[in-house]
Amino acid sequence: MTDFFDDVPEPVRFAGGEGSGGLAYRVYDPDRLVAGKRMEDQLRLAVCYWHSFNWGGSDVFGAGTFDRPWLDAGRDPMEAALEKQDAAFEFFAKLGTPFFCFHDLDMAPPGATLRKSKANLDRLVDRAAQKMDETGVRLLWGTANLFAHPRYAAGAATNPDPEVFVHAAAQVRDALEATYRLGGANYVLWGGREGYETLLNTRLRQEADQLARFLELVAGHKRSIGFAGTLLLEPKPQEPTKHQYDYDCAAVLGFLERYGLADEFKVNIEGNHATLAGHSFHHEVAYAVDHGIFGSIDANRGDPQNGWDTDQFPNSVEELSLVLFEILRGGGFTDGGFNFDTKLRRQSMDRADLFHAHVGAVDTLAQALLVAEALIADGTLSGARDARYAAWDGPLGQRIRQPDTDLAGLADLAARTDLEPTPVSGRQELLENEVNRVTWSMT
Ligand code: XUL
Ligand code: CO
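Our subject in this report is the structure included herewith.

Reading guide: rules and limits
Residues numbered from 1 in each chain as written. Chains lettered and ligands numbered in written order. Predicted model: local features only at pLDDT ≥ 70, side-chain atom pairs only at ≥ 80, totals over all residues. Heavy atoms only, no water. Donors = N, O, S within 2.8 Å, 3.2 Å for Na, K, Ca; no water. Tetrahedral: all angles 85-135°; square planar, octahedral: opposite > 155°, others 65-115°. Helix = DSSP H or I, 4+ residues; strand = E, 2+ residues; numbered from the N terminus. Buried < 20%, exposed > 50% of the residue type's maximum accessible area, 1.4 Å probe, protein only. Phe/Tyr/Trp six-rings, centres within 6.5 Å; stacked < 30°, edge-to-face > 60°. Lys NZ or Arg CZ within 6 Å of the ring centre and 35° of its normal. Salt bridge = Lys/Arg side-chain N within 4 Å of Asp/Glu carboxyl O.

**What about the coordination of the cobalt ion (ligand 2)?**
Stage number 1. Each protein donor to the cobalt ion (ligand 2) is listed here as E234 (OE), E270 (OE), D298 (OD) and D341 (OD); together their distances run 2.0 to 2.1 Å.
Stage number 2. Given six donor atoms and angles of 81 to 172 degrees at the metal, the environment of the cobalt ion (ligand 2) is assigned as octahedral.
Stage number 3. Summarised as a motif, the one-chain spacing of the donors to the cobalt ion (ligand 2) is E-x35-E-x27-D-x42-D. Here D298 lies in strand β11 (residues 294–298) and E270 lies in strand β10 (residues 265–270), a separation of 28 residues in the sequence. Accessibility assignment for this pair places E270 and D298 in one class, buried.

Spelled out as structure tokens, the structure:
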């Protein structure tokens, strides 16, 4: 282990409520059994390589503020990538969370040609494999950066130039194989530039067909190399493009079903992307769980006042308890987990700030998991949902679903019985009070 983070000499450990101010987990106790599994196995926490190690704290108005020497101008790219990898694995191991995630370009610098880029990636991936063996840290998912380079300004799969499509195919082939080589549990495709800037120059149907063709090719390659992990699409409505095709979970599901790809892909839902789409995080997760496309989570939050993709560390137990309630209700994660797709604020420039940010977010998720377990055990929410739809299991509900029932038959039935349904309370405030009762009962 290197000593880039020498302000934090020891791995962060669970200390419960003891003491204050220091770096310790107050709630996250990896071995604690929650809803039938170890807390570590329920949450499957991952640190992301990009915001934590590959971003220096710049914004559109100003330069980087963080102490990340491997990002300094003039460094030899391979040497800098090795130093970055050392610091990243030191961080993963000291934080004690089980997984990490990466883009190809986070780990290895691009070369002058695709072949040289692949050679760089292979070298860094081999070294990552060794570090994973040494530390026990695993890969939640890998992905390819198909949005930073100018060649992708008009999209990768949806680019009007088929040569760009082929370049992206080469990059994804290599990133998918690197993910496979590192035992990744999933492979993610976030279509950052798969959208449009203006409709004046865009053929919507053609771009949709191109995107579907790309995804079909990726799924085919996954099968041909025997990668058993899950392929995930990450919905986001806009930014960097004005409009992104993977707008939200509903748009992604409709797209997958239209192109016959629904068995091949699930979704990686990001909290801040949900709110950018005008939904709650809870909504996107509930939608995916109920429609059978739930895969994994990018845990973060936006700023309610400015509405941007600020990628802040999650800190709301109330918001995340409902997210975790839906996840547990759906049977918990299989290949997925919680990846911290999160950025420090620019003024958080001490090396230890990266620990404080992650530790707080980990504890928030751990506490939310405990509340979710209690909400499930309490049964009020599930009971209320079951009761609300119970009549659909009765004779009328069954009759409506029978294939030989038609609209005229239902109209006759309504007329014969002078049907006038009685409105029933949705009990929203009562249920909100019940959620608070359970949340507040947790210590
Ligand atoms: C961008 C975003 C990406 C993806 C991976 O908003 O969330 O970091 O998670 O490409
Ligand atoms: Co993300």
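Following the structure, the description resumes.
**Re the packing of aromatic side chains**
Stage number 1. Considering all chains together, one arrives at 24 aromatic pairs under this definition.
Stage number 2. Look at Y49 and F53: their rings are 6.1 Å apart centre to centre, the planes differ by 65 degrees, and that puts the pair in the edge-to-face class. One end of the pair, Y49, and the other, F53, are both in helix α2 (residues 49–53), four residues apart, so they sit about a helical turn from each other. Just as Y49 is buried, F53 falls in that class too.
Stage number 3. In this structure an aromatic cluster arises from ring pairing among F4, F5, Y49, F53, W70, F89, F91, F92, F100, F102 and F355.
Stage number 4. One cation-aromatic arrangement involves K343 over W55; the distance from NZ or CZ to the ring centre is 5.2 Å.
Stage number 5. Geometry around F4 places R351 over its ring, the cationic atom sitting 3.7 Å from the centre.

**Observations concerning the pattern of salt bridges**
Stage number 1. This structure, assessed with the given rule, holds 23 salt bridges.
Stage number 2. A salt bridge links D126 to R181; its shortest N-O distance comes to 2.8 Å. Taken together, the residues D126 in helix α5 (residues 114–135) and R181 in helix α6 (residues 162–181) connect sequence positions 55 residues apart.
Stage number 3. Exposure remark for D126: the relative accessible area of 39% places this residue in the partly exposed category.
Stage number 4. By relative accessible area, R181 is classed as partly exposed at 44%.
Stage number 5. Linking E434 and R437 is a salt bridge whose minimum nitrogen-to-oxygen distance equals 2.6 Å. Taken together, the residues E434 and R437, both in helix α16 (residues 428–441) and three residues apart, mark about one turn of the helix.
Stage number 6. You can call E434 partly exposed: its relative accessible area is 21%.

**What about unusual backbone geometry?**
Stage number 1. Each neighbour pair has its own omega, and for E239 with P240 the value is 15 degrees, a cis peptide bond.
Stage number 2. Its identity is not glycine, yet A35 carries a phi of approximately 45 degrees, on the positive side.
Stage number 3. One can find A35 in the loop between β1 (33–34) and β2 (37–38).
Stage number 4. A35 gets classed as partly exposed once you look at its relative accessible area, which sits at 42%.
Stage number 5. Residue E239 is not a glycine yet carries a positive backbone phi of 75 degrees.
Stage number 6. Among the secondary structure elements, E239 is positioned in the loop between β8 (230–233) and β9 (243–244).
Stage number 7. E239 sits in the partly exposed class, given a relative accessible area of 37%.

That's the geometry; what it means functionally is another story.
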